Amino acid sequence: LKVDSTYCMYVTEVVNKTDVDLFTSPDGINWTLDTSTVLTVGAGGAWDDENIGNFYVWKEATNDWRMIYEGKGTVWALGYATATSPGGAWTKSGINPVISETGSRGSPFIKKIGSTYYLWCHGTATGGLPTDLYKYSSTNLTSWTAIPSTDTTRSEERRVGKECRSRWSPYH
């Protein structure tokens, strides 16, 4: 994510995904820890009390930052957080998880067209592998409607799927 002349990268540890840190870079090569723990797992019993990761972060407007992230308590689901700057403080939505289906959902990718947000993610009804690509729409980022795959959306899904895969973590 590039903001003006600064690159921003949100990172979790590979094994212990309990905190999200923000690293910044002037060139995309040399990185420095900018802000430690901009987001953390939820308290015991919360929907995301075990792991967090695979975020999609964007600047909506001046002092208006948005994040969709995956979290895990018993299953992987998607949460929503906002901040006034890239380094936070990030505030989780009180409605989280914003997408929670039977099985699991993760690795979100967002595209805004007009006033509607479209979200693609991978998921599975069983919570295991392999996963499928799912599509949702929302006008407020907290209430999402599943969009069933049809022949007319397949070419769009393939195009966006390629863009999603290029942004997804290599371990998915």
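The structure presented is a predicted model; accordingly, all values stated were derived computationally and were not measured.

A.B. asks: Just checking my understanding: could you explain the pattern of salt bridges for this structure?
C.D. replies: By the definition in use, this model includes four salt bridges. When the shortest N-O distance is used, the salt bridge between K92 and D48 registers 2.7 Å. Of this pair, K92 sits in strand 8 (residues 91–92) while D48 sits in the loop between strand 4 (32–40) and strand 5 (51–61), placing them 44 residues apart in sequence. Judged by relative accessible area, D48 falls into the buried class, the value being 2%. We note a salt bridge from E60 to K112, for which the minimum N-O separation is 2.6 Å. With E60 in strand 5 and K112 in strand 9 (residues 104–113), the pair connects residues that are 52 residues apart, well separated along the chain. Overall, E60 belongs to the partly exposed group, its relative accessible area being 21%. The class of K112 is partly exposed, set by a relative accessible area of 41%.

A.B. asks: What is the right way to look at the sheet that holds strand 12 (residues 145–146) in this model?
C.D. replies: In a beta sheet, neighbouring strands pair by backbone hydrogen bonds and run either parallel or antiparallel. Taken together, the four strands give an open sheet; going across it, the order is 9-10-11-12, and neighbouring strands pair in antiparallel fashion. Only two strands of the sheet have a single neighbouring strand rather than two, namely strand 9 and strand 12. Of the pairings in the sheet, the one linking strand 9 to strand 10 (residues 116–124) comprises eight bridges and is antiparallel in character. If you follow G106 over to strand 10, its bridge partner there is H122.

A.B. asks: Teacher, can you tell me more about the sheet that holds strand 3 (residues 19–25) here?
C.D. replies: Pairing is antiparallel in the open sheet, where four strands are placed in the order 1-2-3-4. Each edge of the open sheet carries a strand with a single partner, namely strand 1 (2–3) and strand 4. Note: strand 2 (residues 6–11) against strand 3, five bridges, orientation antiparallel. In the strand pairing of strand 3, V11 is matched with D21.

A.B. asks: Whenever I open this one, the environment of N96 confuses me. Can you help?
C.D. replies: Within the secondary structure layout, N96 lies in the loop between strand 8 and strand 9. Classification of N96 as buried rests on a relative accessible area of 13%. The sequence separation of N96 and A77 amounts to 19 residues, and the corresponding C-alpha distance is 9.0 Å.

A.B. asks: Before we go on, may I ask you to explain the side chain of T12 in this structure?
C.D. replies: For T12, the location among the structural elements is in the loop between strand 2 and strand 3. Non-local contacts of T12, meaning those with residues more than four positions away in its chain, are made with K17, D19, V20, I52, G53 and F55.

A.B. asks: Explain the side chain of S25 to me, please; I cannot follow it from the model alone.
C.D. replies: Counting through the fold element by element, S25 comes out in strand 3. Judged by relative accessible area, which is 2%, S25 ranks as buried. At 2.9 Å, the side chain of S25 and the side chain of D27 are in polar contact. For S25, the side chain forms a polar contact with the main-chain nitrogen of G28, separated by 2.7 Å. Aside from chain neighbours lying at most four places away, what touches S25 is S5, T6, Y7, N30 and W31.

Thresholds, definitions, all that
Residues numbered from 1 in each chain as written. Predicted model: local features only at pLDDT ≥ 70, side-chain atom pairs only at ≥ 80, totals over all residues. Heavy atoms only, no water. Salt bridge = Lys/Arg side-chain N within 4 Å of Asp/Glu carboxyl O. Helix = DSSP H or I, 4+ residues; strand = E, 2+ residues; numbered from the N terminus. Buried < 20%, exposed > 50% of the residue type's maximum accessible area, 1.4 Å probe, protein only. Pairing = 2+ DSSP bridges. Contact = heavy atoms within 4.5 Å. Polar contact = N/O pair within 3.5 Å; in protein donor to acceptor, adjacent residues only side chain to side chain.

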